[in-house]
Amino acid sequence: MTDMVYEQRDNEKEERLVRNLMDWYYQNQRDLIWRKTREPYRIWISEIMAQQTRITAVLPYYERFMKTFPTLKSLAEASEDEVLKSWEGLGYYSRARNLLKTAQIIQVDHQGDFPQGSAVLKKLPGIGEYTAGAIASICFDEKVPAVDGNVQRVFARIYENRMDISIPQSKKLLTEFVREVMPERETGIFNQALMELGALICIPKIPNCESCPVQGLCEAYKKGTQAELPVKAPKKAAKQESKTILLITNGAGEVLLRQRTEKLLGGLWEFYMIEEDLTEEEVLVYLEKIGISLEKITYIGAATHIFTHKQWNMKGYECKVKDGKGIDGFSFYAKEQIENLALPTALQFFRNWLSEESQIGFSV
Ligand code: SF4
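Residues numbered from 1 in each chain as written. Predicted model: local features only at pLDDT ≥ 70, side-chain atom pairs only at ≥ 80, totals over all residues. Heavy atoms only, no water.

S.K.: Sorry if this is basic, but what is going on with the domain arrangement of the chain here?
M.R.: For interface size, the figure often reported is the accessible area lost on association. Its domain assignment divides the chain into domain 1 (3-228) and domain 2 (239-363). On a C-alpha basis, the centres of domain 1 and domain 2 stand 39 Å from each other. If you sort the residues of domain 1 by the area they bury against domain 2, K85, E88 and Y93 come out on top, with a joint share of 50%. Among the ionic pairs, R351 bridges to E88, the shortest N-O distance being 2.3 Å. Along the contact surface separating domain 1 from domain 2 lie six residue pairs in polar contact (both at pLDDT 80 or more). Looking at the side of domain 1 that touches domain 2, the element that brings in the most residues is helix α5 (residues 80-87), giving four residues. Across the side of domain 1 that touches domain 2, the residue classes break down as three nonpolar, two polar and five charged. (Domains from an automatic or database assignment. Buried area = accessible area lost by both parts, 1.4 Å probe. Salt bridge = Lys/Arg side-chain N within 4 Å of Asp/Glu carboxyl O. Polar contact = N/O pair within 3.5 Å; in protein donor to acceptor, adjacent residues only side chain to side chain. Helix = DSSP H or I, 4+ residues; strand = E, 2+ residues; numbered from the N terminus. Nonpolar A, V, L, I, M, F, W, Y, C, P; charged D, E, K, R; others polar.)

The following block contains the structure:
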């Protein structure tokens, strides 16, 4: 196969591909709550939530978010804290911050009317080529592709295309090809049918070719090369980072927290964190140096969290301070207050510990 394969046109094959795919979708699509609407606000939220997340995992978050922010206006008027709290658990928090920014822009610059064209949508924070295509085709029937990893996989197999899908140029070529192949009408249905095929039938490892509506058109199926496709260069290994998480508590049982200002997890709340793997003794020495004396230290346990490019390897301690002294930039919060703060999933293990609160520990 050559890189140019998407340029070889076959009208009959393309027509059958479109017809089979759309017929199949009408009969087999999943009954998802956002498929009952073409309201752009709802489609936008569902598309942003579904990025990097399984649809089944998204459903409860989607319902909760819609209950909290039923309209674009209600989202535009929310605080960042409220939006992050509603997003808590979904990860990739920049998506939530961008939702808020975009809602505010639409409210102010577009008088609350969702922009209709994909070209305008693409300029809004957090809306890339794929999301703009999905919203514009589903809600406004624009003839514009929405190429995500599912669509790349499906086409790589049908056309036995061996371009590395992690290279932007291969996505660009495919997008242009899909634009040529897609029908003039019901473009949103076509885009969703492709995504659905990739999500349900043409799945990554072992595709369910026996139930596939485009099996007769699939080169990879004919040659038995499905498992080799799509071609994707291996990812670089995630960078390993060690952290010591300190749940610093005072006599009233309150815990020290601060709101992050870093790009990663910005706006979320965190416990005191040291960028090293420290033993109990080393924690005591560290805290003494910054003027904090402890009454008791308790080992909580270890947890890991994998981000896209890095992995946090964390160890946690509860540190009860002697005199209730805090640390600059941090404040003490009661457990009930912490319930209402958005903490990253990465710290879930330590937050859970806090609500269960172990009594084991030793005095120092
Ligand atoms: S026949 Fe198999 S490999 Fe080809 S598109 Fe269908 S599910 Fe994917």
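From this point, the discussion proceeds with the structure in view.
S.K.: How do you make sense of the side chain of N250 when you look at a structure like this?
M.R.: Take N250: it is sitting in the loop between β1 (239-249) and β2 (255-259). Take N250: its relative accessible area is 12%, and that puts it in the buried class. Of note is the side chain of N250, whose polar atom sits 3.0 Å from the backbone nitrogen of A252. With near-sequence residues (within four places) excluded, N250 lies in contact with V321, G324 and F332. (Buried < 20%, exposed > 50% of the residue type's maximum accessible area, 1.4 Å probe, protein only. Contact = heavy atoms within 4.5 Å.)

S.K.: Looking at this structure, I do not really get the packing of aromatic side chains. What am I missing?
M.R.: Note on aromatic pairs: each is described by the distance of the centres and the angle between the planes. The tally for this structure, following the rule as stated, stands at 14 aromatic pairs. Ring geometry for F155 and F177: centres 6.1 Å apart, planes at 85°, overall edge-to-face. Here F155, found in helix α9 (residues 149-158), pairs with F177, found in helix α10 (residues 168-181); they are 22 residues apart in sequence, far enough to count as distant. The exposure class of F177 is buried, given its relative accessible area of 3%. Here the aromatic cluster, defined as three or more aromatic residues joined through ring pairs, consists of Y41, W44 and F114. The aromatic ring of Y159 is capped on one face by K13, whose charged end is 4.5 Å from the ring centroid. (Phe/Tyr/Trp six-rings, centres within 6.5 Å; stacked < 30°, edge-to-face > 60°. Lys NZ or Arg CZ within 6 Å of the ring centre and 35° of its normal.)

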